[in-house]
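An overview of the molecular structure
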Amino acid sequence: MARANEEAPERGALEYVTYTPAGHACATCLRPLKSMEAARRIVLDRTSGPPLATYRHANDCPKSVAG
């Protein structure tokens, strides 16, 4: 059993490449993704709430905001 001050591990993740809807930013570099740009969609199944969906660049993410 996990202690109260320890963060619970994620139960699972679903990841696949898709096309982004408008208004999303890359979770890694925080740069906006273009509408219909190919991106990796990661859905995390969390113990503390509903699933969390994030998008990241499909290829060659700049990985920094000050690029």
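Residues numbered from 1 in each chain as written. Predicted model: local features only at pLDDT ≥ 70, side-chain atom pairs only at ≥ 80, totals over all residues. Heavy atoms only, no water.

Right, let's talk about the pattern of salt bridges for a bit. Applying the stated criterion to the full structure yields one salt bridge. Residues Arg40 and Glu15 are paired through a salt bridge, measuring 2.8 Å at the closest nitrogen-oxygen approach. Taken together, the residues Arg40 in strand E2 (residues 38-45) and Glu15 in strand E1 (residues 12-19) connect sequence positions 25 residues apart. (Salt bridge = Lys/Arg side-chain N within 4 Å of Asp/Glu carboxyl O. Helix = DSSP H or I, 4+ residues; strand = E, 2+ residues; numbered from the N terminus.)

Now for the nonpolar core. Grouped together as the largest cluster of nonpolar side chains are six residues: Cys26, Cys29, Leu33, Ala39, Tyr55 and Cys61. The contacts of Tyr55, once residues within four sequence positions are left out, are Thr18, Thr20, Pro21, His24, Ala25, Cys26, Ala27, Leu33, Ala39, Arg40 and Arg41. (Core = buried A, V, L, I, M, F, W, Y, C linked by side-chain atoms within 4.5 Å. Buried < 20%, exposed > 50% of the residue type's maximum accessible area, 1.4 Å probe, protein only. Contact = heavy atoms within 4.5 Å.)

Now for the environment of Ala58. Relative to the assigned elements, Ala58 resides in the segment after strand E3 (52-57). Exposure remark for Ala58: the relative accessible area of 23% places this residue in the partly exposed category. Not counting residues up to four positions away in its chain, the partners in contact with Ala58 are Ala38, Ala39 and Arg40.

This part is about the state of the cysteines. Scanning the model with the defined rule gives zero disulfides in all. With no disulfide of its own, Cys29 lies 3.7 Å from the sulfur of Cys26, the closest cysteine sulfur. A relative accessible area of 1% means that Cys29 is categorised as buried. (Disulfide = S-S within 2.5 Å.)

By themselves, these are just geometric observations and shouldn't be taken as functional.
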